Amino acid sequence: MKRTHYCGALRLSHAGQTVTVCGWVQRARDLGGLVFIDLRDREGIVQCIFDSENPLSGEAAHARSEWCLAVTGTVRERTNKNLTIPTGEVEIEAAELRVLSRAQTPPFEIEADTKANELLRLEYRYLDLRRPVLQKNLMIRHRALQTVRRYLDAEGFYEIETPMLTASTPEGSRDYLVPSRLHRGKFYALPQSPQQYKQLLMVAGVDKYFQLARCARDEDLRADRQPDFTQIDMEMSFVGMEDIYTVSEGMIADLFGAFGISVPLPLPRLTYREAMDRYGSDKPDTRFGFELKDLTDLTRGCGFAVFESAKSVRCIVVGHEFTRRETDALTDFIKGLGLKGLAWHKAESSSFGKFLSGDALGRLCEHAGFAPGSTLFAVAGDDERLVKTSLGALRLECARRLNLLDPDVYHFLWITEFPMFEYSEEEGRYVAQHHLFTAPMDEDVPLLSQKDLSQVRSKAYDMVCNGYEIGGGSIRIHDAVLQARVFDLLGLSKEDADLRFGHMLKAFSYGVPPHGGIAFGFDRVAMLLCRTANIRDVIAFPKTQSAAEPMTGCPVTVERKQLDELGIRLGD
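Attention here is on the structure that accompanies the text. Everything quoted here is computed from the prediction, not taken from an experiment.

**Side note on the overall build of the chain**
For the chain, the count of helices and strands is 15 helices and 21 strands. Dimensions of the chain along its principal axes, counting C-alpha atoms only, are 90 × 70 × 55 Å. Per-residue burial for the chain yields a buried fraction of 47% across its 572 residues. Pairs at least 24 residues apart make up 66% of the contacts formed inside the chain by residues separated by at least 6 positions. Here the chain has roughly 28,600 Å² of accessible surface; of this, 50% comes from carbon and sulfur atoms. Averaging the coordinates of the 70 positive side-chain charges in the chain and doing the same for the 81 negative ones gives two points 3 Å apart.

Here it is as structure tokens:
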């Protein structure tokens, strides 16, 4: 009984043909000698019928959910059609049945809208993956990968694999360390990205490299992040930022176009400063408005002490009149982000209007763009960044509550000119916001001589879609003198630089081309294509938010013998 067709592939055009299908029992119905079995595989479901005169009907009546069967029979037109499924006009009149394997009763029903707890579904992920919605996600992911490969191949890129066991790089996120048995007391690290290797490939003259790279970072998780993930990793020689933008935009337009989603090019661009000022985020969701407005100067001498004493006062106007209960909930939301409270104003009521002097309220409302039927929310504080990011988070929360986050709408844009450095209070020094090999904007190189490095912009860029950072990269430093200067500004001595990056510096002494690149978070791209907000929905075997895998139980303890071989002793 060799399979001839997928269950979901049969149509009226197959009527009269003898076919063999294989799959799992979605549902079995015994109607007094007339047995119907809905058989499911990755392509869909088809109805198989065993009439009362068929000697197989008795055996078919014993079939249960998720049994694995093979059925041979003749395709015929259904009398009672089911037009909700592609195979609903046909059925298979069974002539042969083979039970390939029986199944226990599943811990949850294998259906699209299962109510089963996600932790239970992850424990039985192989059953969860039988659900059509996840089968479809895996198909989309596969097609997307092939589209990317074809596009980059046509653009002249070489696909090259880089090592999975690398040297640890303390800068950035935490590494997953791998102890070496042959070199006791020494460790490899799983790659956070192929960054150094792909730059060395540019030194090697590869010119255009890409890789569907598996990477790992030991960091706190959230809905759009996993400890191990896939990047579309790219690097190019003899290029500037515009070249990176052009290739990246073309790839994204080609990829989303393969799924019927039009991406108008060129993509809009915002500098990092503009994004923070207008949206309170460096990955803004621009599917809706509610842009931030600066009220700081307007509120000087306004009569409201909370505004007058703050170094920064900003607001958003939301086109909806929230109830008092809703504003109280949003106030709690803002307090949870570290601010003391939330001021609000509506046409008929206000939490601060009565404290303002003269026509201050009118000027404030006019500047903010307030209109009847809207709600103005304002926050104040001395930490300007906290004010912006908190209001940006409130903007997004309001959009969620008003159901404005349409998954069928895609807004792409570039965020450019990121700060090159940020000050770490914990370390008491400036650290690289991107990585140590990111180049500064040409016009900002003189600013490297100043004590305050916060104004130095870098040639770093992110592509953003619907509030997700889906790709990020930069033009790299290729001048040895400038690189040494950046190391020094970051507190890295020549000895430390040689110890950690000596291989890079040595390679760069042999003629390094100007180069740059970008890496796209492929799992996040797949999330957008599959219209889900949960990254676990597009990964075959994902981890939970505690970086555990319920199915295999990892991470797990290992035998003492294994630890002894590695020279590792566990503490209390």
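There is more to say after this.
**Some points on the side chain of Q47**
Tracing the backbone shows Q47 in strand β3 (residues 44-50). For Q47, a relative accessible area of 7% translates into the label buried. In terms of polar contacts, Q47 uses its side chain to reach the side chain of E91, at 2.7 Å. Look past the residues within four positions of Q47 in its chain and what remains in contact with it is R29, F36, I37, D38, R78, E91 and I92.

**Digging into the pattern of salt bridges**
What the rule picks out here adds up to 39 salt bridges. With a shortest N-O distance of 2.8 Å, K459 and D442 are connected by a salt bridge. Taken together, the residues span a long stretch of sequence, with K459 in the loop between β18 (429-432) and β19 (460-465) and D442 in the loop between β18 and β19 at a distance of 17 residues. Put simply, R121, R125, D128 and R131 are held in one network by salt bridges that share partners.

**Some words on the packing of helix α5 (residues 195-203) against helix α13 (residues 494-508)**
At their nearest, the axes of α5 and α13 sit 10 Å apart, and the two run at 15° to each other. With respect to each other, α5 and α13 are oriented roughly parallel. As α5 runs across α13, the sense of the crossing is left-handed. Along the contact surface, α5 presents Q196, Q199, L200 and V203, while α13 presents F501, H503, M504, A507 and F508. Among the residues making up the contact of α5 with α13, the classes are represented as 6 nonpolar, 3 polar and no charged.

**Concerning the pairing of β18**
As defined by bridge partners, strand β17 (residues 421-424) adjoins β18 across 4 bridges and the pair is classed as antiparallel. What sits directly across from E422, in β18, is V431. Counting the residues in the hairpin turn of β17 and β18 gives 4 residues, including G428, whose phi is positive at 70°.

**With respect to the side chain of Q483**
Locating Q483 in the fold gives a position in helix α12 (residues 480-489). Setting aside residues up to four positions removed in sequence, Q483 forms contacts with L436, F437, I477 and L505.

**Side note on α5**
Looking at α5, one finds that the buried residues are Q195, Q196, K198, Q199, L201 and M202. For α5, the elements touching its buried residues are β9 (208-216), β10 (228-237), α13 and β21 (515-521). At the C-terminal side of α5, G205 shows a positive phi close to 85°.

**Examining the environment of C215**
By secondary structure assignment, the location of C215 is in strand β9. C215 gets classed as buried once you look at its relative accessible area, which sits at 4%. The residues contacting C215, other than those within four sequence positions of it, are P191, Q192, S193, P194, P227, D228, F229 and Q231.

**Here we look at the sheet that holds strand β6 (residues 158-159)**
The strand order β6-β9-β10-β21-β20-β19-β16-β11 describes an open sheet built from 8 strands, whose pairing is mixed. Looking at which strands have only one partner, the edges of the open sheet turn out to be β6 and β11 (269-271). Two elements, β9 and β10, share 9 bridges in a ladder whose sense is antiparallel. Counterpart to F210 in the pairing with β10 is M234. Helix-sheet contacts for helix α7 (residues 272-279) involve β11 and β16 (412-416), and the interaxial angle to β11 is about 90°.

**With respect to the pairing of strand β15 (residues 375-381)**
Within β15, 6 of the 7 residues are buried, which leaves the element mostly enclosed by the surrounding structure. Across 3 bridges, strand β14 (residues 343-345) lies against β15 in antiparallel orientation. Following the sheet pairing, W344 is matched in β15 by F377.

**Examining the packing of α7 against helix α11 (residues 384-401)**
As a packed pair, α7 and α11 sit with axes 8 Å apart at the nearest point and diverge in direction by 60°. Mapping the contact onto sequence places Y272, M276, D277 and Y279 in α7 and R385, K388, T389, G392 and R395 in α11. Here the residues of the contact of α7 with α11 sort into 3 nonpolar, 2 polar and 4 charged.

**Concerning α13**
With 15 residues, α13 should reach 21 Å at 1.5 Å per residue; the first-to-last C-alpha distance of 15 Å falls well below that figure. Taken as a whole, α13 carries its principal kink of about 90° at F501. Among all positions of α13, only A497, F501, G502, M504, A507 and F508 are buried. Elements that come into contact with the buried residues of α13 comprise α5, α12 and β21.

**Notes on the sheet that holds strand β1 (residues 18-30)**
Spatially, the 5 strands close up into a barrel ordered β1-β2-β3-β5-β4, and their pairing is mixed. Along the sheet, successive strands turn relative to each other by an average axial angle of 55°, direction set aside. By the bridge criterion, 6 bridges tie β1 to strand β2 (residues 35-41) in an arrangement that is antiparallel. The residue bridging D30 from the neighbouring strand is V35, located in β2.

**Focus on the packing of aromatic side chains**
Tallied over the full model, the rule gives 18 aromatic pairs. Each ring, one from F487 and one from F501, has its centre 5.6 Å from the other, and the planes form 10°; the classification is stacked. Of this pair, F487 sits in helix α12 while F501 sits in helix α13; the two residues are 14 residues apart in sequence, bridging distant segments of the chain. Across this residue pair, the class does not change: F487 and F501 are buried. Here a set of aromatic residues connected by ring pairs shows up, and it is made of F304, F307, F352 and F355.

**Observations regarding unusual backbone geometry**
Cis peptide bonds are those with omega within 30 degrees of zero, and the linkage from L265 to P266 qualifies with 0°. With respect to the helices, strands and loops of the structure, P266 is situated in the loop between α6 (241-257) and β11. Cis rather than trans, the peptide bond between C554 and P555 has omega equal to 5°. Along the chain, the position of P555 falls in the loop between α14 (522-530) and α15 (560-566).

How each quantity is defined
- Residues numbered from 1 in each chain as written.
- Predicted model: local features only at pLDDT ≥ 70, side-chain atom pairs only at ≥ 80, totals over all residues.
- Heavy atoms only, no water.
- Helix = DSSP H or I, 4+ residues; strand = E, 2+ residues; numbered from the N terminus.
- Buried < 20%, exposed > 50% of the residue type's maximum accessible area, 1.4 Å probe, protein only.
- Contact = heavy atoms within 4.5 Å.
- Areas by Shrake-Rupley, 256 points an atom, 1.4 Å probe, with all protein chains shown as cover.
- Lys, Arg positive; Asp, Glu negative; His and termini not counted.
- Charge placed at Lys NZ, Arg CZ, Asp CG, Glu CD.
- Polar contact = N/O pair within 3.5 Å; in protein donor to acceptor, adjacent residues only side chain to side chain.
- Salt bridge = Lys/Arg side-chain N within 4 Å of Asp/Glu carboxyl O.
- Axes fitted to C-alpha atoms, helices over the stretch in contact; angles between N-to-C directions.
- Parallel < 35°, antiparallel > 145°, perpendicular 65-115°, else oblique.
- Left-handed = near helix turned anticlockwise from the far one by under 90°.
- Nonpolar A, V, L, I, M, F, W, Y, C, P; charged D, E, K, R; others polar.
- Pairing = 2+ DSSP bridges.
- Expected span 1.5 Å × (residues − 1).
- Bend = angle between axes of the 7 residues up to and from the residue.
- Phe/Tyr/Trp six-rings, centres within 6.5 Å; stacked < 30°, edge-to-face > 60°.

Any functional reading would require information beyond the geometric quantities listed.
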